[in-house]
Amino acid sequence: MKHQRGVALTSLILWGIILFLVAVLGMKVVPTVIEYYKIKQSAAGTVNKVGPDATVAEVRAAFDRFAEIDMLQFSSKDLDISKENGKIVIDFAYDKRIPLFANVSLLIEYKGAAGR
């Protein structure tokens, strides 16, 4: 018994629980990160599609078309559209609350820009 090696059952269970919790957290967070990158990609596509003389309404309509294709729950009303140095710039920021268990949730603040 002096040279016995291995993992005790309690530590195996402990590591199993930790890996399970990390996996559950990842499964809940990854879809919101993917959504963020889709919003960012749609904003960049909108800036590339519309010309520098486009109105705010035209930019919002173009973004809504991109959002409809990507099936986003994000609206063009949440965009901050401006012009800098003759280029259209789209900024956005939103919070995503992810319920974990009981009354515990994770809040992620997403911010992004396109056209700079």
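Everything that follows concerns the structure shown earlier in this document.
Residues numbered from 1 in each chain as written. Predicted model: local features only at pLDDT ≥ 70, side-chain atom pairs only at ≥ 80, totals over all residues. Heavy atoms only, no water.

Got a sec to walk through the packing of aromatic side chains? Specific residues and values, please.
Applying the stated rule across the entire model yields eight aromatic pairs. Geometrically, the ring pair formed by Tyr-36 and Phe-92 is tilted, given 6.0 Å between the ring centres and 55° between the ring planes. Of this pair, Tyr-36 sits in helix 1 (residues 9-49) while Phe-92 sits in strand 2 (residues 87-101), and the two are 56 residues apart along the sequence. Here Tyr-36 falls in the buried class, since its relative accessible area comes to 10%. With relative accessibility at 4%, the residue Phe-92 sits in the buried group. An aromatic cluster is present here, built from Tyr-36, Tyr-37, Phe-63, Phe-74, Phe-92, Tyr-94 and Tyr-110 joined pairwise through their rings. (Phe/Tyr/Trp six-rings, centres within 6.5 Å; stacked < 30°, edge-to-face > 60°. Helix = DSSP H or I, 4+ residues; strand = E, 2+ residues; numbered from the N terminus. Buried < 20%, exposed > 50% of the residue type's maximum accessible area, 1.4 Å probe, protein only.)

Please give an account of the sheet that holds strand 3 (residues 104-114) that cites residues and values.
With respect to topology, three strands assemble into an open sheet ordered 1-2-3, the strand pairing being antiparallel. Each having just a single partner strand, strand 1 (79-84) and strand 3 make up the two edges of the open sheet. Looking at each pair of strands side by side, their axes are set apart by 20° on average, direction ignored. In the sheet, strand 2 pairs with strand 3 via 11 bridges, with the strands oriented antiparallel. Bridge assignment links Ala-93 to a residue of strand 3, and that residue is Lys-111. The sheet contacts of helix 1 involve strand 2 and strand 3, and relative to strand 2 the element is tilted by about 170°. Running over the sheet, helix 2 (residues 56-69) touches strand 1 and strand 2 and is turned about 130° from strand 1. (Pairing = 2+ DSSP bridges. Axes fitted to C-alpha atoms, helices over the stretch in contact; angles between N-to-C directions. Contact = heavy atoms within 4.5 Å.)

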